[in-house]
Amino acid sequence: MLNDINSVLLTEDQIQKRIAELGAEITRDFEGKDPLFVGVLKGCFMFMADLMRCVNIRCSVDFMAVSSYGNRSVTSGAVEINKDLSEDIENRHVIVVEDILDSGLTLNYLVNYLGVRNPASITLVTLLDKPARRRVPIKVDYAGFEIPDAFVVGYGLDYAERYRNLPFIGILKPEIYND
Ligand code: PRP
């Protein structure tokens, strides 16, 4: 598996330090608001687990499973909801947690999809932001790292469902996804 990685973009240490900062900011901004964190599966699973350990306020956690890439490296443009929320979000402060913001189609879709349920607010958190690939304008409230237009995997992010278990974020060798 490691042979498929060209280089390490973000080490475990860099990731954890930045998550601690994001957690502290969110803790400060949402104290007393009892927010609902919504992780967008599958990619968010590691980030969500680490972020939540750095958030020190009363809150709850739920997940959605959303997919638009299938086994492709380019978004299909169509967002599929594979698992919806199990909690009612009316009047709740919803904090959507993503691993990566790429074209923006997924978050744009989710903001509209959740917005009609009358939440008190919707806040967007992404660990990675790849602005070069944006197709719809979207403003995130908390972003971990701005990254270049490279194919990244690890720390929850996959190519064809593989590499999610890497503890760091690496750049995949082009010959792997060009096959
Ligand atoms: C990835 C990622 C985001 C989305 C971002 O999900 O987790 O949800 O793509 O890309 P976008 O800004 O171009 O919409 P993917 O569809 O690969 O599913 P996964 O989380 O199960 O890997």
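Residue numbers restart at each chain and count upward from 1, following the sequence in its written direction. Reporting in this predicted model follows two pLDDT cut-offs: at least 70 for local features of residues, and 80 or more for side-chain atom pairs to be given and counted; totals over whole chains, interfaces and linings ignore these cut-offs and use all residues. No hydrogens and no water enter the side-chain calculation; it runs on all heavy atoms of the structure.

(A) Representation of the sheet that holds strand S7 (residues 142–146) in the model. Think of it this way: DSSP has to see at least two bridges between two strands before they count as a pair. Note on conventions: DSSP H or I runs of at least 4 residues are helices, E runs of at least 2 residues are strands, and numbering of each starts at the N terminus. Taken together, six strands build an open sheet; the order of strands is S4-S3-S2-S5-S6-S7 and the sheet is mixed. Across the chains shown, the open sheet's two edge strands, defined by having one partner strand only, are strand S4 (80–83) and S7. Each strand of the sheet is rotated relative to its neighbour by a mean of 25°, with strand direction disregarded. Contacts: residue pairs with any heavy atoms within 4.5 Å of one another. Lines fitted to the C-alpha atoms define the axes, with helices restricted to the stretch that makes contact. Angles between their N-to-C directions range from 0 to 180 degrees. Packing against the sheet, helix H1 (residues 12–30) makes contact with strand S2 (36–41), strand S5 (93–101), strand S6 (121–129) and S7, and its axis sits at approximately 160° to S7. Its contacts with the sheet put helix H3 (residues 105–115) on S2, strand S3 (60–67), S4, S5 and S6, and the angle it makes with S5 is roughly 165°.

(B) Summary view of the environment of Gly 154. Position of Gly 154 among the secondary structure elements: in the loop between strand S8 (152–153) and strand S9 (169–172). As a C-alpha pair, Gly 154 and Asp 62 span 92 residues in sequence and 22 Å in three-dimensional space.

(C) Highlighting the sheet that holds S8. Across the sheet, which stays open at both edges, the three strands sit in the order S1-S9-S8 with antiparallel pairing between neighbours. The open sheet has two free edges, formed respectively by strand S1 (5–10) and S8, since each of these has just one partner strand. The sheet contact formed by S8 and S9 spans two bridges and is antiparallel. In the strand pairing of S9, Val 152 is matched with Ile 171.

(D) Highlighting unusual backbone geometry. Leu 41 connects to Lys 42 through a cis peptide bond whose omega is 0°. Turning to its location among the elements, Lys 42 is positioned in the loop between S2 and helix H2 (45–52). Backbone geometry places Asp 34, a non-glycine residue, at a positive phi of 45°. Following the sequence through the fold, Asp 34 ends up in the loop between H1 and S2. Positive phi, normally seen in glycine, also occurs at Asn 91, with a value near 65°. If you trace the backbone, Asn 91 turns up in the loop between S4 and S5.

(E) Just the side chain of Thr 27, in detail. Checked against the element boundaries, Thr 27 lands in helix H1. Think of a polar contact as two N or O atoms within 3.5 Å of one another; within protein, one of them needs to be a possible hydrogen donor and the other a possible acceptor, and neighboring residues in sequence only count if both atoms come from side chains. Separated by 3.1 Å, the side chain of Thr 27 and the backbone nitrogen of Asn 56 make a polar contact. The contacts of Thr 27, once residues within four sequence positions are left out, are Cys 54, Val 55, Asn 56 and Ile 57.

(F) Just the pairing of S5, in detail. Along S5, nine of the nine residues are buried, which leaves the element largely enclosed by surrounding structure. Taken together, the four bridges between S2 and S5 define a ladder with parallel strand orientation. Each bridged residue has a counterpart across the sheet, and for Gly 39 the counterpart in S5 is Val 97. Summarising the sheet, S5 and S6 pair through eight bridges and their orientation is parallel. Paired with Glu 98 across the two strands is Thr 126, which belongs to S6. Relative accessibility under 20% of the residue-type maximum defines a buried residue, over 50% an exposed one, and the middle range a partly exposed one, all with a 1.4 Å probe and only protein chains included.

(G) Spotlight on the pattern of salt bridges. Salt bridges are defined by distance alone: a side-chain nitrogen of Lys or Arg within 4 Å of a carboxyl oxygen of Asp or Glu. Tallied over the entire structure, the rule returns 17 salt bridges. Salt-bridge contacts for Asp 29 lead to Arg 28; the nearest nitrogen and oxygen are separated by 3.1 Å. With relative accessibility at 30%, the residue Asp 29 sits in the partly exposed group. Take Arg 28: its relative accessible area is 59%, and that puts it in the exposed class. A salt bridge links Asp 102 to Arg 133; the nearest nitrogen and oxygen atoms lie 3.3 Å apart. Of this pair, Asp 102 sits in the loop between S5 and H3 while Arg 133 is found in the loop between S6 and S7, placing the two residues 31 residues apart along the sequence. The class of Asp 102 is buried, set by a relative accessible area of 11%. Exposure remark for Arg 133: the relative accessible area of 26% places this residue in the partly exposed category. Salt bridges sharing partners connect three or more residues here, namely Asp 34, Arg 58, Glu 87 and Arg 92.

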